[in-house]
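# Overview (structure and organization)
Residues per chain are reported as follows:
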Amino acid sequence: MSIQPKVDQTQPSVARVYDYMLGGKDNYAVDREVGDFFFKDLPGSVSIVYSNRQALVRAVDEMARSGIDQFLDMGSGLPTADNVHQVAQRVNPDARVVYVDNDPIVLAHGRALLATLDTTAVIQADLVEPESIHHNAEVERLIDFSRPVGVIFSAILHHLNDDEKPADLVRYWADLAQPGSPFYISHFRTGRNPETKAAEDKLQATFGRGRWRTDEEIAGLFGDLDLVAPGVVPAALWHQESQSDVTRIGSNVQELTVWEELIGAALARKP
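The written sequence of each chain sets the order in which its residues are numbered from 1. The predicted origin of the model limits local features to residues at a pLDDT of at least 70 and limits the giving and counting of side-chain atom pairs to 80 or more, whereas totals for whole chains, interfaces and linings rest on all residues. Only heavy atoms go into the side-chain values, all of them from the structure, while hydrogens and water stay out.

Turning our attention to the nonpolar core. Residues grouped as a nonpolar core are buried Ala, Val, Leu, Ile, Met, Phe, Trp, Tyr and Cys residues, joined through side-chain atoms within 4.5 Å. For each residue, the accessible area found with a 1.4 Å probe, counting protein chains only, is set against the maximum for its type, and the residue is called buried under 20%, exposed over 50%, and partly exposed in between. Phe38, Val60, Met63, Phe71, Val84, Ile152 and Tyr184 are the most contacted members of the largest nonpolar core, which totals 44 residues. Whether two residues are in contact is decided by their heavy atoms: any pair within 4.5 Å suffices. Beyond its immediate chain neighbours, meaning those up to four positions away, Val84 contacts Leu56, Val60, Phe71, Asp73, Val97, Tyr99 and Ile152. Counting 34 residues, the second largest nonpolar core, distinct from the first, contains Val98, Ile143, Val170 and Leu221.

A few words now on the environment of Lys197. Strands are runs of DSSP state E lasting at least 2 residues, helices are runs of H or I lasting at least 4, and numbering of each runs from the N terminus. The residue Lys197 is located in helix 9 (residues 194-207) in this model. Residue Lys197 is classed as partly exposed on the basis of its relative accessible area, which comes to 45%. A sequence separation of 103 residues divides Lys197 from Asp94, and the C-alpha atoms of the two residues are 43 Å apart.

What follows deals with the side chain of Asp73. Examined against the element boundaries, Asp73 turns out to sit in strand 1 (residues 70-74). Despite its burial, Asp73 remains without a salt bridge, the nearest opposite charge being carried by Arg53 at 6.1 Å. Excluding residues within four positions of it along the chain, Asp73 makes contact with Val84, Val98, Tyr99, Val100 and Ile152. Neither His nor the chain termini are counted; the positive set is Lys and Arg, and the negative set is Asp and Glu. Between Lys or Arg on one side and Asp or Glu on the other, a salt bridge is scored when a side-chain nitrogen of the former is within 4 Å of a carboxyl oxygen of the latter.

Here we come to helix 5 (residues 104-113). When we look at burial in helix 5, the residues that qualify are Pro104, Ile105, Val106, Leu107 and Gly110. Looking at the buried positions of helix 5, the neighbouring elements they touch are helix 1 (14-21), strand 2 (96-101) and strand 3 (120-124).

Let us look at the pattern of salt bridges. Scanning all chains against the criterion turns up 11 salt bridges. Of the charged contacts in the structure, one is a salt bridge between Asp162 and Arg213, with a shortest N-O distance of 2.8 Å. Of this pair, Asp162 sits in the loop between strand 4 (150-154) and helix 8 (166-176) while Arg213 sits in the loop between helix 9 and helix 10 (215-220), and the two are 51 residues apart along the sequence. Across the pair Asp215 and Arg189 runs a salt bridge, and its minimum N-O distance is 2.8 Å. Linking Asp215 in helix 10 with Arg189 in the loop between strand 5 (182-188) and helix 9, this pair joins segments that are 26 residues apart in sequence.

Once that is clear, we can look at the environment of Lys270. Examined against the element boundaries, Lys270 turns out to sit in the segment after strand 8 (263-269). Along the chain, Lys270 and Glu195 lie 75 residues apart, while their C-alpha atoms are 36 Å from each other. Excluding residues within four positions of it along the chain, Lys270 makes contact with Ala174, Asp175, Ala177, Gln178, Pro179, Gly180, Ser181 and Leu225.

Encoded structure:
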């Protein structure tokens, strides 16, 4: 008999707040309170979530089409439409994916979703403890580090303070990966305006951690990996032309909202 992971319904969760903002049902009142701040006090900010998700879909599609058939998704969040395994397996049905998140509700819902798939797994682990992820039985079963692997940090590294050394975490996996392995990062960009300052303050007050970073600082998270053109750009514009069936919030890709400017994305490869 499996033991259901314990969920603390009194504390907000990053994964569940994102789930609420994406229209999901796997959240609690404490999560909706945070989400409602963005809906009501910062109207338009929901485009951050959608821009980020759409860029992730394009990134995984591009990686899979380049021949990558195994993926580690760090801080994956709750299942939604076009999950990493669904996007990758549209290109290669045998693609393998391990989702990593520290929220027990992600583990519960992810396992339910993936119960019939032996090529995909979800594990509960902390991003800042990479050794425990590396040696997890599911990671050892599905990910072969003697071949290139796609490593995804979608909207997760901005939840780490500088003293948690996010660049060191990226480097840990880069050192394990084979040449040609792609690394994808999306991250909040410093906005330097009242709206984005309010959003940053809210997340800091709610979760007690995290930092917005400049494009140069985001690029620095990749370390010695080779950035793929166009480098760090707003997620809404990152390879926007590469997948015609993914539409961007807004009608003109040249006229981004202040919110779409707030989330950046970039891809790099291990030389």
